[in-house]
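Structural overview
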Amino acid sequence: MNYFSSDFKLGILGGGQLGKMMLYNTRKFDIQTYVLDPSDDAPCKMACNAFTQGDLMDFDAVYNFGKQVDVLTFEIENVNVDALEKLENEGIKVYPSSKNLRIIQNKAKQKLFYLDNNLPTSNFSRFAYASEIEDTILNGGLKFPFVWKSAQFGYDGTGVKMVRSMDDLKGLPAGECIAEELIDFKNELAVIVARNSDGEVKTYPVVEMEFHPEANQVEYVICPARISDAIAKKAQDVALNVSKAFNHVGLLAVELFQTQDDNILINEVAPRPHNSGHQTIEASYTSQFEQHIRAILNLPLGKTESKVGGIMVNLVGAEGYTGDVIYENIAEIMKMEGVTPHIYGKKQTRPFRKMGHVTIVNKDLSLARKVAEEVKKTIRVISKQ
């Protein structure tokens, strides 16, 4: 099929920053792109060929949107899977598939999938209602501390809570959830696997993620991870096994724990471009966003090696500021060598909202890490007071 400068239409469900960065590449290749998002201010709106405002969880909105396009993908998991399944049955190509998204959308199903496929993950208990957790603790079936996760619709630190005492159970949402064993880990790692429908598979180098202690959001992504070659190989092998089990098409970001005794455990996966791959825009031969487009269109996959060491710093709204966004000191960071800011196009900031990211590239990773610290200290995402 001729995708380039043709009548071919690619649909993206979700118009946020991940979609916007995908559009860098559909623009580059002159691929017609349609976007559906609930917000009239969606970052994608300025760069797609056609924008539709609509609810991603609404069956009719997703189905009617999908009928207009030839291939449909998504940049967010919270979309109506029943509509995707119906579209697939009617001949629209949906990548990643509705079958995989149905598993990944629900953290309990995702964990059971790992067990069923002999993939290494932490021990967990599944609960239909959060109220059942207390009885299980009292009966000795669950011990503190553990990690509570909402089964549905958790992302970026929402729907996740560390539980160390009965008090921490207060105020948890009532619905389906899991309680995961708290892993004493050395590192949080991630591997992005790309696969097209011909079965060509490539992995990106293993990255290391440093998290913000309060917001449970990634603060720095460091590529390559500061780990031994043996651990990197083990992490990539686990990620490839996850990819094989899902038989997915597109990108699959696999978040991993490196335990104290150097085992690799799967935390969770995302079937789309991911925060752990943003540095690929500047640091890799093929960005994760271009790779996702190549994979879902069954084009040859691009080279995944890094040209240079890369560190990504998330730009999130500063605490105490809500309203029209101001990027304070952005010119100062642009004076620094190897520093590239990406602004997502969200007009309103609020505490910890992802507003952009900054990539720092340098052949010397430890120097890049120092510059990243400087960037973090210098730029502030605030609002007019």
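Shown above is the structure to which this text applies.
Let me sum up the structure you'll find in this document. No experiment lies behind these values; they were computed from the predicted model shown.

As for its placement among the helices and strands, Asp37 is situated in strand β2 (residues 32–37). One buried charge, Asp37, has no salt-bridge partner; the nearest side chain with opposite charge is Arg353, at 8.3 Å. In this structure Asp37 touches Gly14, Gly15, Gly16, Ala42, Phe51, Thr52, Gln53 and Gly54, once residues within four positions along its chain are discounted.

Most of strand β15 (residues 264–270) sits out of view: seven of its seven residues are buried. The sheet contact formed by strand β14 (residues 250–259) and β15 spans six bridges and is antiparallel. Bridge pairing links Ala253 to Ala270 in β15. Between the antiparallel neighbours β14 and β15 lie four residues, among them Asp262 with a positive phi of about 65°.

What follows concerns the sheet that holds strand β17 (residues 323–328). Spatially, β19-β17-β21 is the arrangement adopted by the three strands of the open sheet, whose pairing is antiparallel. Each edge of the sheet is formed by a strand with only one pairing partner; in this case those strands are β19 (348–349) and β21 (380–383). As judged from the four bridges shared by β17 and β21, these two strands associate in the antiparallel manner. Within the sheet, the bridge partner assigned to Tyr327 lies in β21 and is Val381.

Turning to the layout of surface pockets, a few remarks are in order. Here the idea is plain: a probe the size of a water molecule rolls over the atoms and shows the empty space left. Estimates place the volume of the second largest pocket at around 230 Å³. Every residue lining the second largest pocket is counted, 14 residues in all, and those nearest its centre are Val316, Gly317, Ala318, Lys376 and Ile379. Those elements giving two or more residues to the lining of the second largest pocket turn out to be β16 (309–316) and β21. Sort the elements by how many residues they give to the lining of the second largest pocket and β16 lands first, with four residues. Split into classes, the residues belonging to the lining of the second largest pocket amount to seven nonpolar, three polar and four charged.

On to the packing of helix α3 (residues 81–89) against helix α4 (residues 98–105), then. One way to put it is that α3 packs onto α4 with a least axis distance of 9 Å and a crossing angle of 165°. Relative to α4, the element α3 is oriented roughly antiparallel. Here α3 and α4 pass one another in a crossing that is left-handed. Along the contact surface, α3 presents Val81, Asp82, Leu84, Glu85 and Glu88, while α4 presents Ser98, Leu101, Arg102 and Gln105.

Before going further, it helps to examine the packing of aromatic side chains. Applying the stated criterion across every chain yields a total of eight aromatic pairs. Seen from their ring centres, Tyr3 and Phe4 are 6.2 Å apart, and the 90° between their planes marks the pair as edge-to-face. The structure contains a cluster of three or more aromatic residues connected by ring pairs, namely Tyr3, Phe4, Phe8 and Phe29. Residue placement shows Lys307 over the ring face of Tyr285; its charged tip is 6.0 Å from the ring centre. For the cation-ring pair, Arg369 lies above Tyr220, with the distance from its terminal atom to the ring centre recorded as 4.1 Å.

With omega at -10°, the peptide bond leading from Phe144 into Pro145 counts as cis. Looking at the secondary structure, you find Pro145 in the loop between α6 (132–138) and β7 (146–150). Even without glycine at this site, Asp30 takes up a positive phi of about 55°. Its location among the elements puts Asp30 in the loop between α1 (17–29) and β2.

Thresholds, definitions, all that
Residues numbered from 1 in each chain as written. Predicted model: local features only at pLDDT ≥ 70, side-chain atom pairs only at ≥ 80, totals over all residues. Heavy atoms only, no water. Helix = DSSP H or I, 4+ residues; strand = E, 2+ residues; numbered from the N terminus. Buried < 20%, exposed > 50% of the residue type's maximum accessible area, 1.4 Å probe, protein only. Lys, Arg positive; Asp, Glu negative; His and termini not counted. Salt bridge = Lys/Arg side-chain N within 4 Å of Asp/Glu carboxyl O. Contact = heavy atoms within 4.5 Å. Pairing = 2+ DSSP bridges. 1 Å grid on protein atoms, 1.4 Å probe; cavity = no way out; pocket = protein on both sides within 12 Å on 5 of 7 lines; lining within 4 Å. Points joined across faces, edges and corners; volume = space filled by probe spheres on them. Nonpolar A, V, L, I, M, F, W, Y, C, P; charged D, E, K, R; others polar. Axes fitted to C-alpha atoms, helices over the stretch in contact; angles between N-to-C directions. Parallel < 35°, antiparallel > 145°, perpendicular 65-115°, else oblique. Left-handed = near helix turned anticlockwise from the far one by under 90°. Phe/Tyr/Trp six-rings, centres within 6.5 Å; stacked < 30°, edge-to-face > 60°. Lys NZ or Arg CZ within 6 Å of the ring centre and 35° of its normal.

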